[in-house]
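One letter stands for each residue in the lines below.
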Amino acid sequence: MRILSRAIFREVAGAAVLGTVLFTAVLFMQKLGSGKMFETLLRGSASPAVVAYLIAMLLPAAAVFALPTGTLVGVLIGLGRMSSDGEIIAMRAAGVPGRRVIAPIVTLAALGMIAAGACSLVLMPWAVRESFRVLNKSVALQLTAELQPRVFEEQFTKSNVVLYVGDVRATASTTAEWKNVFLADVTPPEERPQTSRQYSDAPRVTVAAEALAVPDATKSTIQLSMHGVTTHEVDSDPKVYHSTTEKRQEQLLEAKPREEMAAKPYDAMDTIPLWKEAKEHVEARLELHKRLALPVACLVLAMVGIPLGVSSRRSGKSGAFVITVSLAFLYWMSLVSLMGMSRQGKMPAEVAAWTPNVVLGVIGILLLAGLERPGDRDLLSRLRALGTNVEADIRRWLASGGKGGGSGWRIALPRIPLLPGVVDTWVLSTFLFYLALLLGSFVLLAHVFIFFELLSHIISNGIAMSKVLEYHFYLTPMLIYTSAPMSILVAVLVTFGVMSKNNEVTAMKACGVSLYRLSAPVLLASLAVSGGLFAFDHSYIPEANRRQDAILAEIKGRAPQTYLNPGRKWVYGKGSRIFYYKYLDPDQRVMVGPHVYELERDPFRLVRQISAENARWEPSLKAWVFQNGWWRDMKTHSYETFQATTFHELTETPSHFLQEVKQEKQLNFVELDRYIRELKQSGVDTVKLQVQYHKKFSAPMFGLVMALLATPFAFVAGNRGAMAGVGVSFGIAIAYWVVGRVFEEVGNVNQLPAAMAAWAPIAVFTLAGLYLFARLRT
C-alpha cells in the first residue's frame, strides 16, 4: 500500500473504529438494559468473572449492526475532514484522481465485512447458546435462605407450603436465621397423610419463634430447623381442633425446579445446520440470508459513503452523524419490511434479505461514476451544500438567541435569554447543537433496533403498521429519557474536544478566561436538562409508558394487563393479622372461604382464628359480614359458631385486597410512594420498588454527572479531536452503567438500603468529576 493510500486508510480507520465503538455502546446498553441479567446473576452465586463473561456474550449481536454503521461514519468523517481541509483538492491539483481513495476504503470495508461475518456467522449463534447456558445455570442456583422478610413466598409448590417470615438475619455461611415464621400447608385434605382424622379444607398452620434455614440449590430445597413451634389444624368438624406444641421441629421445603430459558428456534443454531434447515423452513432461510447479508452492508455502505465524504465541504462530524443515522435507518427499515413481506409469502427470502444491499450497491456505483465531475455541478454536491447551509443557519439562530437568520431560511421566534457574553452563547449553542443531533441519532437508532427485534411478532400476530407507529410514538419519551445522559456525555466531549483541537481553548486562556468559566454554560445547561428530565418523568412519561406497554402486549400476543389483582390469596392485614381466601370477587366484594389468623408478636404465636363460608363487605356497616362460620380464641380456649356476624376490629376494606398491578415506570414518584405503602401493608415485597422510587430522583442527575465528569476529559483529550471524545465517552458510560446496575441489583436483593443503592453511583462519579476538575490546569 502506497503512502497516500496508507494515510487515507489510517484517517478513515481511526474514525471507523471509534464510530463502531460508539454505536456498539448504544446498542449494547439497549440490549443489556432490556433484560434481567444482573438481577438473575446477583440473586444467584455468579462470580464477577461469570458476570463479565455473560456481558461479553452480548457484544457479537451488537457488533453485527454496529460494524456497518461504524464503517460508514468512519468513511464520512475521514474523507469529510480531508475534503474540508482541502486535501482532496490538493490531490486533484497534483493529478491524483478522487477515485484513488476507493482502494484503501474498500480494504477497510472488507476488513469490517470479515469481522461482521465472523460475528454474524460464528460468534453470534455461539454467544446466544452460551448466554442461555450460563443464565440457566445461574437460575438453577438462585434458591437461597435469604428470603425477603414480611413477604409471602409461594415458590415451595412441591411442598404445598406458603411461607411468611417476619425477619431474616444472614449468617457467615449460606444458612440464615429466620424470626417469626408462619407456615401454611395448603395440601388438599384428600392428599394429606391418611389417619383417623377427617381434615377440613383449611390450611394446616405452623408458627415458630425462630428457625435455622439451610438451602440446597441443587435440589431446590431448604431444610428448616424450627424452635418454639406450634401447629394448628382443624378437623372437618370445627369443634375438633388439633394444636400441638414442640420445642423443636424439622421440616423440608421443596421448590419446583425453574424452567430453563431458551432462545428462538434458529437464533442459536450454527450456520451449517441452519443452511440445511433453510431448505425446508422459511424462517430458517430468512435467518441464514440475514446472517450473510448484514456483513456485506459494510461494503455497500462504504461505497455510498465515498462520494458523500469526498463531496463534503464543511459539514464535518455532525453532518457525518446525520447521514450515517439516516442511511442506517433506511437500510434497516427496508430490510425489516422486506423480510416481513417474505414471512407473508409475498417474496422469496433471498430477495428480501439481499435487496437493500443490491439497491445501495447500485446507488454507490452511480455516485462513484460521477465522482470526478468538476465543481458542484452534480446533484450530490448541491444536496450537501443545502445541508451545510441549513446547519449553519441552525448554528446562527442558536447563537443569536432565536432571532433567526441564514441564507433564505428565516425563523421568527422570541429571543431566548442566554448567559451573558458572546463566549457563553457560542459554547452553549455548540453544545445544544451536538446534544440535539446526538439525542436524535440515539433515539432513532434505538427505534430501528427495537423494531427489528419485534418484527417476527408484528408479522405473526398481524399487527397493523399504524399500531406499530403508535407504539414507537409512545416509546419515544422513554428513549429520550434514557438516551439524554449519554447524549450529554458525548456532546460535552465533542464540543470541548473540537474547541481544543482548533486551539480555541488556548485562545480563551490567553484572554484570561479560565476553563471553569468556559465550562459553566455547559454545566448549567446540563443541570437544566436534568431538571427537565425529572419533570418529564413526573408529568408525561408514566402515561406514555402505560400506553406503550399495552400496545407492546398486543404486538407480542399477550393478554391485556389485569390492573386489579384479586388472585393474591394471602394478604397481610393491619396490625398483626393474616388473611387467606379461596377466591375474591372484586365486583360483588365477596371473599369465598375466608380464614383470618391473628398473631401475637412477642412471643410469636397464633391467638385467634376466624373461618367462614364467605364474607361480604357492607358499605353501610363499614364492615365485613361473615356467614356460616366459627371463631376460636387460643388464649381463653373459647369457641363459637355463627350464621352471620361482623368483627369490627377487622378494618381492612376491599381496596386493601384489590391492589392495582403497576410497574414503577408507569408511575411518577408520588404515585409510586403511595403504591409502595399500600403493598407494604399487604405484606408484598417492595424492596425493588423502593430502589426505583429513589431512582426517580437520582436518575435524572445522571446528565449533570456525565457533564461534570466529561468536561475534564474533554480538555485533556481535546487535542485528538471529537472522535477521541467519543471513545472516552464509551468507557465512561459503560463504567457508570455497570456500577449503577450493580448497586441497583444489590439493593434489589436487600443487601443495601434503597436510598444508598440509588444514590451511590451518583456520589461516586460526582466525587470523581470534582477531583478531576480540581486537578485541571485552568
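S.K.: Explain the overall build of the chain here, please?
M.R.: Summing up its helical and strand segments, the chain has 22 helices and 16 strands in all. Within the span of the chain, comprising 778 residues, buried residues form 51% of the whole. Of the contacts made within the chain by residues no fewer than 6 positions apart, 68% connect residues no fewer than 24 positions apart. For the chain, the computed accessible surface area is about 35300 Å², with 60% contributed by carbon and sulfur atoms.

S.K.: Can you help me understand a nonpolar patch on the surface in this one?
M.R.: On the surface, Val-122, Leu-123 and Trp-126 cluster together into a nonpolar patch covering about 260 Å² of accessible area. Here Leu-123 is to be found in helix H6 (residues 102-140). For Leu-123, a relative accessible area of 35% puts it in the partly exposed group.

S.K.: Honestly, helix H13 (residues 465-501) in this entry has me stumped. Any pointers?
M.R.: The α-helix advances 3.6 residues per turn, and as a result positions three or four apart in sequence lie on the same side. The end-to-end C-alpha distance of H13, which contains 37 residues, comes to just 46 Å, noticeably less than the 54 Å that a straight helix rising 1.5 Å per residue would cover. Of all the bends found along H13, the most pronounced is centred on Ser-483 and spans about 40 degrees, while Pro-485, a proline, follows it within four residues. Positive phi appears at Asn-503, one or two residues downstream of H13, with a value of about 65 degrees.

S.K.: What should I look at first to understand the nonpolar core in this one?
M.R.: Buried together is how nonpolar side chains tend to be arranged in soluble globular proteins. In terms of nonpolar packing, the biggest core is built from 50 residues, with Tyr-331, Trp-332, Ile-458 and Tyr-471 touching the most fellow members. In terms of residue count, helix H12 (residues 422-460) provides more of this core than any other element does, 10 residues in total. In terms of nonpolar packing, the next biggest core, distinct from the first, is built from 43 residues, Phe-431, Phe-433, Leu-515 and Phe-765 among them.

S.K.: Would you explain the environment of Gln-251 in this entry?
M.R.: Within the fold, Gln-251 resides in strand E6 (residues 241-254). Between the C-alpha atom of Gln-251 and that of Ala-213, which follows or precedes it by 38 residues, the distance is 9.8 Å. With near-sequence residues (within four places) excluded, Gln-251 lies in contact with Val-161, Leu-183, Ile-222, Gln-223, Leu-224 and Met-226.

S.K.: Just checking my understanding: could you explain the packing of aromatic side chains for this structure?
M.R.: Aromatic rings in a pair are described by how distant their centres are and how their planes are angled relative to each other. In total, this model carries 16 aromatic pairs according to the counting rule given. In this structure an aromatic cluster arises from ring pairing among Phe-182, Trp-570, Tyr-580 and Tyr-597.

S.K.: What am I meant to see in the side chain of Arg-632 here?
M.R.: In this fold, Arg-632 is placed in strand E14 (residues 623-633). For the buried Arg-632, which has no salt bridge, the nearest side chain bearing the opposite charge is Asp-237, at an N-O separation of 7.6 Å. A polar contact of 2.6 Å, which involves the side chain of Arg-632, links it to the backbone oxygen of Pro-238. Those residues in contact with Arg-632, other than ones at most four positions away along the chain, are Pro-238, Lys-239, Tyr-241, Val-607, Arg-608, Gln-609, Ser-638 and Tyr-639.

S.K.: Explanation requested: the pattern of salt bridges in the structure shown.
M.R.: Pairing is possible between side chains of opposite charge, provided their charged atoms come close. One pass over the full model with this rule turns up 18 salt bridges. Of the charged contacts, one joins Arg-547 and Glu-543 as a salt bridge, the two residues approaching to 3.2 Å between their closest N and O atoms. Of this pair, Arg-547 and Glu-543 both sit in helix H16 (residues 541-555), four residues apart, roughly one helical turn. Under the relative-accessibility criterion, Glu-543 is labelled partly exposed at 33%. Its salt-bridge partner being Arg-608, residue Glu-598 comes within 2.8 Å of it at the nearest N-O pair. With a gap of 10 residues between them, Glu-598 in strand E12 (residues 595-600) and Arg-608 in strand E13 (residues 605-618) connect regions that are remote in the sequence. Residue class for Glu-598 comes out buried when judged on its relative accessible area of 14%. Where salt bridges share partners, they join Arg-577, Glu-598, Arg-608, Glu-649 and Glu-652 into one cluster.

S.K.: Mind showing me how you'd approach the state of the cysteines here?
M.R.: Defined simply, a disulfide is a covalent bond joining two cysteines at their sulfur atoms. Under the definition given, this model contains zero disulfides. No disulfide involves Cys-119; its sulfur sits 9.7 Å from that of Cys-298, the nearest cysteine. Assessed through its relative accessible area of 11%, Cys-119 is described here as buried.

S.K.: In this structure, what is going on with the confidence of the model for the chain? I would like to understand it.
M.R.: Where the model shows low pLDDT, its predicted coordinates should not be examined in detail. Averaged over every residue, the pLDDT of the chain is 77; the share at 70 or more is 78%. For the stretch residues 374-380, pLDDT sits under 50, and the model shows 11 contacts to residues farther than four places along the chain or on other chains.

S.K.: So what exactly am I meant to see when it comes to the packing of H13 against H16 here?
M.R.: If you want to describe how two helices pack, look at the angle between their axes and the distance between the axes. Running from N to C, H13 and H16 point in directions that differ by 140 degrees, and their axes come no closer than 9 Å. It follows that H13 is oblique to H16 by the angle criterion. H16 is crossed by H13, and the crossing has left-handed handedness. Contact with H13, carried on its side by Lys-467, Glu-470, Tyr-471, Tyr-474, Leu-475, Pro-477, Met-478 and Tyr-481, involves Ile-541, Ala-544, Asn-545, Arg-547, Gln-548, Ile-551, Leu-552, Glu-554 and Ile-555 of H16 and no other residues of that element. Of the residues belonging to the contact of H13 with H16, the class tally is 11 nonpolar, two polar and four charged.

S.K.: Please explain the pairing of E14 as it appears in this structure.
M.R.: Across the 11 residues of E14, nine count as buried, placing the element largely inside the fold. With 10 bridges joining them, E13 and E14 adopt antiparallel strand pairing. Residue pairing across strands places Ile-610 opposite Trp-631, the latter belonging to E14. Remark: four residues form the turn of the hairpin made by E13 and E14, two consecutive strands paired antiparallel; Lys-622 in that turn has positive phi of roughly 55 degrees. In this structure, E14 lies alongside strand E15 (residues 638-646), joined through eight bridges in antiparallel fashion. Paired with Arg-632 across the two strands is Tyr-639, which belongs to E15.

Cut-off values and rules
Residues numbered from 1 in each chain as written. Predicted model: local features only at pLDDT ≥ 70, side-chain atom pairs only at ≥ 80, totals over all residues. Heavy atoms only, no water. Helix = DSSP H or I, 4+ residues; strand = E, 2+ residues; numbered from the N terminus. Buried < 20%, exposed > 50% of the residue type's maximum accessible area, 1.4 Å probe, protein only. Contact = heavy atoms within 4.5 Å. Areas by Shrake-Rupley, 256 points an atom, 1.4 Å probe, with all protein chains shown as cover. Patch = residues over 30% accessible without salt bridge, like charges linked within 9 Å, V, L, I, M, F, W, Y side chains within 5 Å. Salt bridge = Lys/Arg side-chain N within 4 Å of Asp/Glu carboxyl O. Expected span 1.5 Å × (residues − 1). Bend = angle between axes of the 7 residues up to and from the residue. Core = buried A, V, L, I, M, F, W, Y, C linked by side-chain atoms within 4.5 Å. Phe/Tyr/Trp six-rings, centres within 6.5 Å; stacked < 30°, edge-to-face > 60°. Lys, Arg positive; Asp, Glu negative; His and termini not counted. Polar contact = N/O pair within 3.5 Å; in protein donor to acceptor, adjacent residues only side chain to side chain. Disulfide = S-S within 2.5 Å. pLDDT = per-residue confidence, 0-100. Axes fitted to C-alpha atoms, helices over the stretch in contact; angles between N-to-C directions. Parallel < 35°, antiparallel > 145°, perpendicular 65-115°, else oblique. Left-handed = near helix turned anticlockwise from the far one by under 90°. Nonpolar A, V, L, I, M, F, W, Y, C, P; charged D, E, K, R; others polar. Pairing = 2+ DSSP bridges.

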